[in-house]
Amino acid sequence: MASSRALIPGTLTDVPARLDRLPWCSFHRLVVAALGITWILDGLEVTLAGSVAAALQTSPRLHLSAEQVGLTGTAYLAGAVLGSLFFGHLTDRLGRKRLFNVTLGVYLVATAATAFSWNLESFLFFRFLTGAGIGGEYSAINSAIQELIPARLRGRTDLFINGSFWIGAAMGALVSVPLLDPTLFGADVGWRIAFGSGAVLGLFILYLRRFLPESPRWLMLHGRTDEAAKVMDGIEARVLSGAGVTLPPVGAGISLGVPHRLTLVSVARTLIRNYPGRTALGVVLMASQAFIYNAIFFTYALVLTKFYDVPADRIGLHILPFALGNFLGPLLLGRWFDTIGRKPMIAITYGLAGVLLAITAWLFNAGLLSATTQTAMWCAVFFFASAAASAAYLTVGESFPLEVRALTIALFYAFGTLLGGVGGPWLFGVLIQGEGRGGIVLGYLLGAALMLVAVVVELILGVKAEGKPLEEVAPPLSQVPLPR
């Protein structure tokens, strides 16, 4: 990597304006494919974990209880929390490109090792490491994507990419059907092949990422203005040669002073002193969506098998429509986050998800649902909840200064997951083991209440970031007034 040079206070740069004026082109499609595929990996992992839950209970080698299955989900999420914090800090210090390759490597090794687990302890350890790789990806990938996509398209693109989690979920569901069929594979073989499949997909992603540059915005903020300009020249050359268009004039530039020195103290000062309202908003949005997703989805298979007698090898068929509804939500609603606006759309999606989840709880408690109608209700709930969850990541990514972007994303992901996600799978595992439906209903109602609380907080503290450059939504910490 080229050497850095000190940034002279008051240096002008037009990198943000050059990025935001670009038309949608092959470069942006590469960004979506090479970076957005992280969510496909996460969807694959989470779905496989849910689909093989019953297989892990019947495995001659592992023979896990329902509570232990819930604990494996907690291990995955705990790894994701610690991984996001560790790698998020390195992403802001060392760059987006370097870290999104490192985190993918951690994931590849860990998910392959999961396939060779020999007892509960080894399975928990490897799931923890897999989560650490995915958690690190969240920080590096979210920051890079938002910095590379034009402002006018940032909302819909971010929601679509986050929604691609459910492409991975559908893949996991499809893979699990034959692999968990006892007539095709042994009780202790199919689930191992399922986890090993993630490593194969990860190798393809490593190849794609070779063609992505470092974020020009990150280079700009670290005094590497020559490199940032060179990267921009290359991106614009791709646009001019591939699309045959004329780029509009560059808009106003910004002036940067001495690069900000990243420390945990400076991040805490930025979040608590400079942006207390946005900090509270991010915690609430992340925690509420994390609870309903992680608690419900990690125990999806257990509910179907215990209350509806769905065979383990048929779980994937119920996950497929569920995954489709989750993917269609961000895909169909995403453009309105750029047109109608962030605040109204976030409030609407969180609100509808909460109300529909409460209705589902009532129907489930009354015994009015079958395996098919239960799946249909979950599809309706998460059509909106998926867009809401994607918007939570969008909000915490674009609402704070660029210098602390990756670590801030990591912190919010960690806070939200610790508050709403780590204990959720374990709690629902315990509730499912109890007699009757009452415990599960209480869990559903708690999730619904959290989503409705998020609506109120969004209406009060929401950020109107639609169509605005990142530097306008939250000025860089090193920005100085333009010279007169």
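Remember, it's a predicted structure, so these values are computed and weren't measured experimentally.

### Focus on the overall build of the chain
- In terms of helices and strands, the chain carries 21 helices and 3 strands.
- Within the chain, the fraction of its 484 residues that count as buried is 62%.
- Pairs at least 24 apart in sequence give 87% of the contacts found in the chain among residues at least 6 apart.
- Put simply, the chain shows about 17,400 Å² of open surface, and 69% of that area lies on carbon and sulfur atoms.

### Side note on the environment of Phe 382
- Locating Phe 382 in the fold gives a position in helix 17 (residues 371-398).
- On the basis of relative accessible area, Phe 382 is assigned to the buried category, the value being 1%.
- Along the primary structure Phe 382 and Leu 356 are separated by 26 residues, whereas in three dimensions their C-alpha atoms are 9.0 Å apart.

### Considering the pattern of salt bridges
- One pass over the structure, following the stated rule, counts 14 salt bridges.
- With a closest N to O distance of 2.8 Å, Asp 92 and Arg 96 form a salt bridge.
- Ionic pairing is found between Glu 227 and Arg 224, a salt bridge with its closest N-O pair at 2.8 Å.
- A relative accessible area of 8% places Arg 224 in the buried class.
- Salt bridges linked by common partners bring Arg 154, Arg 156, Asp 338, Arg 342 and Glu 398 together as one network.

### Digging into the packing of helix 6 (residues 120-148) against helix 17
- At their nearest, the axes of helix 6 and helix 17 sit 10 Å apart, and the two run at 75° to each other. Taken together, helix 6 and helix 17 sit at an angle that is classed as roughly perpendicular. Residue-level inspection shows Tyr 138, Asn 142 and Gln 146 of helix 6 in contact with helix 17, the latter providing Tyr 393, Leu 394, Gly 397 and Glu 398.
- The residue makeup of the contact of helix 6 with helix 17, split by class, is 3 nonpolar, 3 polar and 1 charged.

### Some details on the packing of helix 16 (residues 342-365) against helix 20 (residues 438-461)
- At a minimum axis distance of 8 Å, the contact between helix 16 and helix 20 shows a crossing angle of 165°. Between helix 16 and helix 20, the interaxial angle falls into the category roughly antiparallel. Here the hand of the crossing between helix 16 and helix 20 comes out left-handed.

### Points about a nonpolar patch on the surface
- Taken together, the side chains of Val 456, Leu 459, Ile 460 and Leu 461 present a nonpolar region at the surface, about 360 Å² in accessible area.
- One can find Leu 461 in helix 20.

### Topic: helix 5 (residues 96-114)
- Helix length check: helix 5, at 19 residues, gives a terminal C-alpha distance of 27 Å against a target of 27 Å (1.5 Å per residue), a fit within 8%.
- Buried residues of helix 5: Arg 96, Leu 99, Phe 100, Thr 103, Leu 104, Tyr 107, Leu 108, Ala 110, Thr 111, Ala 113 and Thr 114, and no others.

### Points about the sheet that holds strand 3 (residues 479-480)
- Taken in spatial order, the 3 strands of this open sheet run 1-2-3, and their pairing is antiparallel. Bordering the open sheet on either side are strand 1 (11-13) and strand 3, each of which pairs with just one other strand.

### Here's the deal with the environment of Val 303
- Structurally, Val 303 can be placed in helix 14 (residues 300-308).
- Placed 137 residues apart in sequence, Val 303 and Ile 440 show a C-alpha to C-alpha distance of 8.9 Å.

### Digging into unusual backbone geometry
- In this structure, Asp 309 takes a positive phi of about 55° despite not being glycine.
- Residue position: Asp 309 is located in the loop between helix 14 and helix 15 (315-339).
- For Asp 309, a relative accessible area of 64% puts it in the exposed group.

### Examining the packing of aromatic side chains
- Taken as a whole and judged by the stated rule, the model has 16 aromatic pairs.
- With 4.8 Å between their ring centres and 45° between their planes, Tyr 138 and Tyr 413 make a pair best called tilted. Of this pair, Tyr 138 sits in helix 6 while Tyr 413 sits in helix 18 (residues 405-420); the two residues are 275 residues apart in sequence, bridging distant segments of the chain. Exposure class is identical for Tyr 138 and Tyr 413. Each is buried.
- Note on Phe 307 and Phe 364: the rings are 5.3 Å apart at their centroids and 85° apart in plane angle, and the pair reads as edge-to-face. One end of the pair, Phe 307, is in helix 14; the other, Phe 364, is in helix 16, with 57 residues separating them in the sequence.
- Classification of Phe 307 as buried rests on a relative accessible area of 15%.
- In this structure an aromatic cluster arises from ring pairing among Phe 165, Trp 166, Phe 322 and Phe 382.

### Some remarks on helix 7 (residues 154-163)
- The buried fraction of helix 7 amounts to 8 of the 10 residues, a majority that puts the element mostly inside the structure.
- Arg 154, Gly 155, Thr 157, Asp 158, Leu 159, Ile 161, Asn 162 and Gly 163 are the residues of helix 7 that are buried.

### Some points on the confidence of the model for the chain
- In the predicted model, the chain carries a mean pLDDT of 84, and 89% of its residues have values of at least 70.
- Looking over the chain, one finds the lowest element-wise mean pLDDT in helix 19 (residues 423-433), namely 67, and the highest in helix 16, namely 95.
- Segment residues 1-8: pLDDT under 50, and 17 contacts once partners within four positions in sequence are set aside and those in other chains are kept.

Criteria and thresholds
Residues numbered from 1 in each chain as written. Predicted model: local features only at pLDDT ≥ 70, side-chain atom pairs only at ≥ 80, totals over all residues. Heavy atoms only, no water. Helix = DSSP H or I, 4+ residues; strand = E, 2+ residues; numbered from the N terminus. Buried < 20%, exposed > 50% of the residue type's maximum accessible area, 1.4 Å probe, protein only. Contact = heavy atoms within 4.5 Å. Areas by Shrake-Rupley, 256 points an atom, 1.4 Å probe, with all protein chains shown as cover. Salt bridge = Lys/Arg side-chain N within 4 Å of Asp/Glu carboxyl O. Axes fitted to C-alpha atoms, helices over the stretch in contact; angles between N-to-C directions. Parallel < 35°, antiparallel > 145°, perpendicular 65-115°, else oblique. Nonpolar A, V, L, I, M, F, W, Y, C, P; charged D, E, K, R; others polar. Left-handed = near helix turned anticlockwise from the far one by under 90°. Patch = residues over 30% accessible without salt bridge, like charges linked within 9 Å, V, L, I, M, F, W, Y side chains within 5 Å. Expected span 1.5 Å × (residues − 1). Pairing = 2+ DSSP bridges. Phe/Tyr/Trp six-rings, centres within 6.5 Å; stacked < 30°, edge-to-face > 60°. pLDDT = per-residue confidence, 0-100.

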